[in-house]
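Geometric and topological summary
For reference, the chains in residue letters:
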Amino acid sequence: MIGILSLYYRNHNYGGQLQAAALQKCIQDLNPRQDVLQVSYVRPSSVSSISARFKKIGLTNSAQIAGAKAAYKLKMKLDRKMASGVEVRDALFELFADKIPHTEPVTESDLPKLDMSLFVVGSDQVWTLQAGRDVFLARFPTSAKKVSYAASMGGLNPNLQDDHLLIDSLDSFSGISLREHNSFEHIRHIMPNSHVELVVDPTLLLSPSDWRCFANQEVVPSEPYLFVYALGEKTPYMKSIY
């Protein structure tokens, strides 16, 4: 079996689920006689996702966070339509994720027990400073081969990287490939004797007909349309489109 270590389990993020589906299909097509599964790794979390969002916008004081959480929950109660929309969205994410071949939910201590011949790490931002980084660097005991495909270090800040950890971990990988040029250059710099490749996101490996198999044709517009997927609302790309 081949196991994919990515941000898959309970990840209600469009890019996260699309890359998980694409990479599983690509590897399965290349290995039709093997089971290729997304590993349903349950990431530990020291703070709730709501708290993490508030900290991201500068609310670090515990009293501030508590007040903001209370206000957020009150808004959700008052706006039943919003709450209902979030619940429907999350349910649709779970329905999509469930169609991707996957393991049962596992924790870090369960990973050495998985009977895999190969672990593929990626894609998505698996090598950022986050909970579970040791898992995505495959530092758990295993006899399986390890490779990465289109791994990302996010908005790379070299001053925040633990290069010794990266070198020690990636030295056991049979193949290393990354998604962004800055991550690619950084790994090449700290591991000059290793073969490192720059590759495209797995979503770009599938054909239009492949993606049509995933699409709900009932909601696809019948008239010509332009679909835009972007991070943030005030980007130069959005201005050029409008």
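Report on the accompanying structure. (Residues numbered from 1 in each chain as written. Predicted model: local features only at pLDDT ≥ 70, side-chain atom pairs only at ≥ 80, totals over all residues. Heavy atoms only, no water.)

Once that is clear, we can look at the nonpolar core. Nonpolar side chains in soluble globular proteins tend to be buried together. Among the nonpolar cores identified, the biggest contains 31 residues, and Leu5, Trp127, Ile176 and Ile187 are the most heavily contacted of them. Mapped by element, the contributors of at least two residues to this core are β3 (118-121), α5 (133-136), α6 (163-170), β5 (176-178) and α7 (181-190). Of all hydrophobic cores here, the second largest spans 9 residues; its members include Ile4, Leu23, Ile27 and Val36. (Core = buried A, V, L, I, M, F, W, Y, C linked by side-chain atoms within 4.5 Å. Buried < 20%, exposed > 50% of the residue type's maximum accessible area, 1.4 Å probe, protein only. Helix = DSSP H or I, 4+ residues; strand = E, 2+ residues; numbered from the N terminus.)

Okay, the pairing of strand β1 (residues 2-5) next. A two-sided burial pattern is seen for β1, the buried positions comprising Ile2 and Ile4 on one face and Gly3 and Leu5 on the other. Where β1 and strand β2 (residues 36-38) come together, 3 bridges link them in parallel fashion. In the sheet register, Ile2 faces β2, and the bridge partner there is Val36. The β-α-β motif built from β1, the intervening helix α1 (residues 14-30) and the parallel element β2 has right-handed crossover chirality. Two elements, β1 and β3, share 4 bridges in a ladder whose sense is parallel. Across the sheet, residue Gly3 finds its bridge partner in β3, namely Phe119. (Pairing = 2+ DSSP bridges. Right-handed = clockwise from strand over helix to strand, strands pointing away.)

Where α6 contacts α7, the two axes come as close as 10 Å, and the packing angle between them is 80 degrees. Relative to α7, the element α6 lies roughly perpendicular. Taken together, the residues of α7 that come into contact with α6 (itself represented by Asp163, Leu166, Ile167 and Leu170) are His186, Ile187 and Ile190. (Axes fitted to C-alpha atoms, helices over the stretch in contact; angles between N-to-C directions. Parallel < 35°, antiparallel > 145°, perpendicular 65-115°, else oblique. Contact = heavy atoms within 4.5 Å.)

Moving on to unusual backbone geometry. In this structure, the amide linkage connecting Gly122 to the following residue, Ser123, adopts the cis form with an omega of -10 degrees. If you trace the backbone, Ser123 turns up in the loop between β3 and α5. If you check the backbone angles, Asp124 has positive phi at about 75 degrees while not being a glycine. Note that Asp124 resides in the loop between β3 and α5. A positive phi angle is found at Ala138, which is not glycine, with a value near 55 degrees. Position of Ala138 among the secondary structure elements: in the loop between α5 and β4 (145-148).

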